[in-house]
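Architecture and fold: a report
Each chain, written out:
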Amino acid sequence: MAEEVKSPAPPPPPEGEKKPAAEKPAAAAAPVAPAKPAAPAGPVPVPWTSPLVEKYRSQYGSGLDAQTYLGQNYLTVDRSLIPDILRLLRDEEQFDYCVDITAVHYPKREKQFDVLWILYSFPRNERVRVKTQIADGASIPSSVPIWPTANWLEREVYDMFGIKFDGHPDLKRILLPDGWKGHPLRKDYGILQQDQEWVQINLGIESGQ
Amino acid sequence: MPNFVMSYLGSTVTPGEAGNQFWALIYVLIIFTGVSVAVIAMNWIERKALAHFQVRLGPMRVGPHGLLQPFADALKLMLKEDIIPAAADQFVFWVAPLIGLLAAFTVYTVIPFGPSQAVSDMNIGILFMLGVSSLGVLGIVVAGWASNSHYPLIGALRSSAQMVSYEVAMGLAVVSAVLMTSMNEKGTGTLSMIGIVQAQQQQGVWFIFKFFPLGFIAFVIFSIAMIAETNRAPFDMAEAESELTAGYHTEYSGLRWSLFMLAEYAAMIAVSSIAVTLWLGGWMRPFANLLHAPAWDFIFSLFPGLTFGSLAAIAFVGVTRMPAHSFFKIQRIGLAVFAALLGFIALLLLAIAIVGRSADASLAARFNEGIDYVYWFVLKVAVFMYLFIWYRATWPRYRFDQLMRIGWKVLLPISLGVLVVTAIVGVIVS
Amino acid sequence: MSPRTNDSANLDLETREKPYLDSNELIINMGPQHPATHGVLRVILKLDGEKVLGTECVIGYLHRGVEKIAENRTYTMFNPYVDRMDYVAAVSNGLGYCEAVEKLMNVEAPARAKYIRVILTELNRIASHQLWLGTHALDIGAMTPLFYTFRDREEILKIFEKYCGARLTTHAFRIGGCQYETYAGFEKDVKNFLSFVAPKIDEYETLLTTNRIWLERTKNVGVISAADAIALGVTGPVLRASGVKWDLRKAQPYAAYSEFDFEIPIGTNGDTYDRYLVRMAEIRQSLRIIEQAVNGIPEGPIMAKVPKVIKPPVGEIYHSIEAPKGELGYFIVSDGSTQPYRLRVRPPSFVNLQALDVMVRGLLVADVVAVIGTLDIVLGEVDR
């Protein structure tokens, strides 16, 4: 069978693309490969205009910022408006499906965490992301009453980032064991220290890491 | 003493009835060995047949075509560490498989392999049989309770509920067969296992065809209930491995576990034997009343020899189909020896059939007759055993409540109806 | 609309009601070592006899921290890791990841690469559904379909092996297209497979679709209404069996799916039987897609112009595809470096598993097994 996988040889280098099949070795050998001049600049977020945004901007004013990046819309919302906005999005704008809830950690910022809701509307076939910033240790209202699916998703965010959700029915760790120390997806979570500590306690040796 | 031993040889009744304890003991030993061998063979056949249903080969490594696999398994199970969970009730845990095994094997004392080929002919034979075989549930319940663990407990509860409910339908189906034995001039029926077969002989019809379709319906009810009774698929709720890991024997291992398996297979053979006795004419050969010339008797008496002959032929074909590589030399020799053994048995049986035909009332004739009886009985039981495997390969498992519903709401009313209708028809006909 | 909520934690014994017959409830630990939990799922069941009063899923036994790993690997290095999440549908995982990064870099794979992607992904969907069918039937007690489906799935794995050298964790795609051109005879192999497998699907159906016991075990078991399913975020065949005609391949087409003609099979009752029918119909639709794709596969390059070092611009992207289990989404935040700043995987199994409690409450123990099977979870993806 092995001789039949002769595919890497024949692929014709198409239109000037030099070595597509050898991408990996080249990448490994030459990490200083000249980056394309255009690529790093990339597209920039542009303001998102739609009736929906107009409606809520007039209602909430500066607490709400709507933008589009690569064709994907997102709302940046002040933390205090979160429960209202989410409920309105579900009830009035038919965003009936909460795809995902997650967070991003920016340790250098004052408000360290971005919490995101990725929403989808079946009737509109449209996605929107709702973002808010919260500080470390601050909590945020749970959206379980709005979308029951938020239950495990919020538990995972709590598990991985330590963000507390007020009013969550059962906020405890979900993927990691109950006695786990720290929240691994924070940028300041030390993987190596964790490993060394575990090895020292459980095996009584120095970690080789 | 030799006189006591020899005197039975001319008898036409069971050793139990003749009061000959020596031969009764011999029969018990033969049956015990025979059933154990049958269970081992069943084990191999089930694995092979199931494998071929499922586009795979099954055991192939231990012996030619895995023929020695059951022995290897048995050895492994005997050598395994005997684990009794710390929280278990030790004595009860220890005794549970024995209860199951005893119940399964005691039944064989009344199973008639022929008119005199049974340990004993009890006049309440069928009652005894139902009673003892339902004691098997005690072993299961006790095992589930003594394990002190949730899964076995649920398995045991399921099992007891299931067995008790299906016993009812089963019993009513049996009663309708017993009722049929009384359709003679005197109007007296019998509960004796041998008597039931003899009644079919006298009436000239297997009870499965009697008052068609009444006998057939009762037979179908019995054959459904007996699957539930032995905890086999699709009614294997008690040991449903995908739900209860292994059901009542989750905590068992090694020899004790193998005793449960032995009991289960022995019980399967036992209930199949009841079905054969009650509806399929027991030891009678097919068409006994249609083709009853001595020539036919001779032709049918060749069947045992021919069966072994064809098995030997299959084994020989297997030898020729073995790969020619030297790795397979021992396996090839082994299979050839096995084939030769089967062929030898075939020749022996054919010789007995021929010799036994010429000399009437001689020992050979009697022996020949006995072989015929046992052969037809075993063949019929074997068909049931194959069906057990077939069911297992084909059907998903019922859910517990559905199982109970079938037992109480479907099988019970039908069997009751069949019983009543059989009685009415019997009165009208006689 | 007030959907049933997933109050999975209500296993406390103190608040139990005392009916006319007082009996103790049984707490049973199903898993993590249990034949029917498809790996290392642990379900704590509260039982009244055999009736399920409540469940709690304990997951994380297979947690490997894929999202954390992603932050410490370059985009290229992370590509093989995604195969290890849903290891029975590794190709779909790879497709989702590659497309997400491509979208972030604003490049598009060439048409030929898209067609190869579609063919392999749909083959993988069939393989995943076959594995699901076999194990689901085994859970319900039918042993034989398992072996039939594995026999036929083998043909798909052979095609994968010939294409990229791996059977399960294929790592078939690269950011920007496909690494490998198809081997000589690929199209013939795929066409042979199509004609080989179509009668086999009928064979599975003869074993199960009208089987009385199968019907009794699956009809009206694990019912979830469309409203509940949407509220719980359930996607994939589970959602479609409840009657929601929603498939990302149609709703928001990716790869080359907009060019193919296929239907979205839906169910009506949202029970286990409908989910079975939907998945069987999906296999047939996948065969249709593959047939169209393999007949219309264009010539041309298989890699778009991507820099050797993948360095997406600063920004964030969410891209999701219709994996065999449901919506598989990747949310990637780039800080302009070679490594993702944050990579979030939206696993369909994880979210679908959440519906277990709603689906099994009031059913029997045997149904829990059936419902776990019908959700088609892969613990590698639930735990990541």
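Residues numbered from 1 in each chain as written. Chains lettered and ligands numbered in written order. Predicted model: local features only at pLDDT ≥ 70, side-chain atom pairs only at ≥ 80, totals over all residues. Heavy atoms only, no water.

Side note on the overall build of chain C
- Within chain C, the secondary structure is distributed over 15 helices and eight strands.
- Rg of the C-alpha trace for chain C: 21 Å, near the compact-globule value of 21 Å for 384 residues, within the 12% margin.
- Its C-alpha atoms put chain C at 75 × 50 × 40 Å along the principal axes.
- A burial count over chain C gives 68% of its 384 residues as buried.
- Summed over all atoms, the accessible surface of chain C reaches about 11,600 Å², with 52% contributed by carbon and sulfur.
- Of note, chain C has its 44 positive side-chain charges centred 4 Å away from the centre of its 48 negative side-chain charges. (Helix = DSSP H or I, 4+ residues; strand = E, 2+ residues; numbered from the N terminus. Rg over C-alpha atoms; globule rule 2.2 N^0.38 Å. Buried < 20%, exposed > 50% of the residue type's maximum accessible area, 1.4 Å probe, protein only. Areas by Shrake-Rupley, 256 points an atom, 1.4 Å probe, with all protein chains shown as cover. Lys, Arg positive; Asp, Glu negative; His and termini not counted. Charge placed at Lys NZ, Arg CZ, Asp CG, Glu CD.)

Comments concerning the domain arrangement of chain C
Residues and elements named next belong to chain C.
- Taken domain by domain, chain C comprises domain 1 (5-58) and domain 2 (66-383).
- A straight line from the C-alpha centre of domain 1 to that of domain 2 covers 31 Å.
- Each partner contributes to the interface: domain 1 provides 20 residues, whereas domain 2 provides 21 residues.
- Across the domain 1 to domain 2 interface the summed buried area is about 1,700 Å²; carbon plus sulfur atoms make up 64%.
- The interface formed by domain 1 and domain 2 contains three residue pairs in polar contact (both at pLDDT 80 or more).
- Top element by residues in the side of domain 1 that touches domain 2 is strand β3 (residues 51-58). It accounts for six residues.
- For the side of domain 1 that touches domain 2, the per-class residue count stands at 10 nonpolar, seven polar and three charged. (Domains from an automatic or database assignment. Contact = heavy atoms within 4.5 Å. Buried area = accessible area lost by both parts, 1.4 Å probe. Polar contact = N/O pair within 3.5 Å; in protein donor to acceptor, adjacent residues only side chain to side chain. Nonpolar A, V, L, I, M, F, W, Y, C, P; charged D, E, K, R; others polar.)

A word on the interface of chain C and chain B
- Facing the 33 residues of chain C at the interface are 27 residues of chain B.
- At the boundary of chain C with chain B, total buried surface from both sides reaches about 2,600 Å², with 59% on carbon and sulfur atoms.
- The interface formed by chain C and chain B holds two salt bridges in total.
- Taking the shortest distance from any N to any O, the salt bridge between C:Asp367 and B:Arg399 comes out at 3.0 Å.
- At the junction of chain C and chain B, the tally comes to nine residue pairs in polar contact (both at pLDDT 80 or more).
- Secondary structure elements with two or more residues in the side of chain C that touches chain B: β1 (26-30), α4 (111-140), α5 (144-164), α7 (212-218) and α14 (365-375) of chain C.
- Counted by class, the side of chain C that touches chain B contains 20 nonpolar, six polar and seven charged residues. (Salt bridge = Lys/Arg side-chain N within 4 Å of Asp/Glu carboxyl O.)

So, the environment of C:Val223
Residues and elements named next belong to chain C.
- Structurally, the position occupied by Val-223 is in the loop between α7 and α8 (226-231).
- Look at Val-223 and you get partly exposed, because its relative accessible area is 34%.
- The spatial distance from the C-alpha of Val-223 to the C-alpha of Ile-201 is 25 Å, given a sequence separation of 22 residues.

With respect to the environment of C:Asp86
Residues and elements named next belong to chain C.
- Turning to its location among the elements, Asp-86 is positioned in the loop between α2 (75-83) and α3 (90-105).
- Through-space distance from the C-alpha of Asp-86 to that of Ser-195 is 27 Å; in sequence the pair is 109 residues apart.
- Excluding residues that lie within four positions of it along the chain, Asp-86 makes contacts with Asn-93, Lys-325, Val-378 and Glu-381.

Comments concerning the layout of surface pockets
Residues and elements named next belong to chain B.
- In this structure, the second largest pocket spans a volume of roughly 1,100 Å³.
- Lining the second largest pocket are 39 residues, with Asn-43, Glu-46, Trp-257, Met-261 and Tyr-265 sitting closest to its centre.
- For the lining of the second largest pocket, the leading source of residues is helix α11 (residues 254-279), giving eight residues. (1 Å grid on protein atoms, 1.4 Å probe; cavity = no way out; pocket = protein on both sides within 12 Å on 5 of 7 lines; lining within 4 Å. Points joined across faces, edges and corners; volume = space filled by probe spheres on them.)

Some words on the pattern of salt bridges
- Tallying each qualifying case throughout the model produces 50 salt bridges over all chains.
- Measuring nitrogen to oxygen at the nearest pair gives 3.2 Å for the salt bridge that ties A:Lys187 to C:Glu71. In this pair, A:Lys187 sits in the loop between β8 (164-166) and α5 (191-202) while C:Glu71 sits in helix α1 (residues 66-71), so the two residues belong to two different chains.
- Given a relative accessible area of 7%, C:Glu71 falls into the buried group.
- For C:Glu67, the salt bridge goes to C:Arg342, with nearest N and O atoms at 3.2 Å. Of this pair, C:Glu67 sits in helix α1 while C:Arg342 sits in strand β8 (residues 340-346); the two residues are 275 residues apart in sequence, bridging distant segments of the chain.

Thoughts on the sheet that holds β3(C)
- Ordered by their spatial adjacency, three strands build an open sheet running β1-β2-β3 (chain C), and the pairing between neighbours is antiparallel. Every other strand in the sheet has two partners, leaving β1 and β3 of chain C as the edge strands with one partner each. Direction aside, the axes of adjacent strands within the sheet are offset by 20° on average.
- Sheet topology note: the strand β2 (residues 42-48) of chain C/β3(C) ladder contains seven bridges and is antiparallel. The residue bridging C:Leu45 from the neighbouring strand is C:Thr55, located in β3(C).
- In this fold helix α7 (residues 150-181) of chain B packs onto β1 and β2 of chain C, with an angle of close to 115° to the strand it touches most, β1(C).
- On top of the sheet, α14(C) reaches β1, β2 and β3 of chain C; it is set at about 150° to β2(C), its chief contact. (Pairing = 2+ DSSP bridges. Axes fitted to C-alpha atoms, helices over the stretch in contact; angles between N-to-C directions.)

A look at empty space enclosed by the protein
Residues and elements named next belong to chain B.
- Overall, the coordinates contain five cavities of 30 Å³ or more when judged by the stated rule.
- Of the volumes computed, that of the largest cavity is approximately 240 Å³.
- Counting residues per element, the ones that place at least two in the lining of the largest cavity are α5 (90-106), α6 (125-146) and α11.
- Ranked by residues supplied to the lining of the largest cavity, first place goes to α11 with six residues.
- Looking at the lining of the largest cavity, its residues break down into 12 nonpolar, five polar and two charged.

Observations concerning helix α11 (residues 272-295) of chain C
- The first and last C-alpha atoms of α11(C) sit 35 Å apart over 24 residues, in line with the 34 Å expected at 1.5 Å per residue.
- The buried fraction of α11(C) amounts to 17 of the 24 residues, a majority that puts the element mostly inside the structure. (Expected span 1.5 Å × (residues − 1).)

Here we look at the pairing of strand β7 (residues 326-334) of chain C
Residue and element names in this part refer to chain C.
- With respect to burial, β7 is a largely interior element, nine of its nine residues being buried.
- Pairing analysis gives nine bridges linking strand β6 (residues 315-323) to β7, with the strands arranged antiparallel. Its bridge partner being in β7, Glu-322 is matched across the sheet by Glu-327.
- Turn length for the β6-β7 hairpin, with the two strands adjacent in sequence and antiparallel, is two residues.
- Pairing analysis gives six bridges linking β7 to β8, with the strands arranged antiparallel. Looking across to β8, one finds that Val-333 is bridged to Arg-342.
- Where β7 folds back onto β8 in an antiparallel hairpin, the turn is made up of five residues, including Gly-336, whose phi is positive at roughly 90°.

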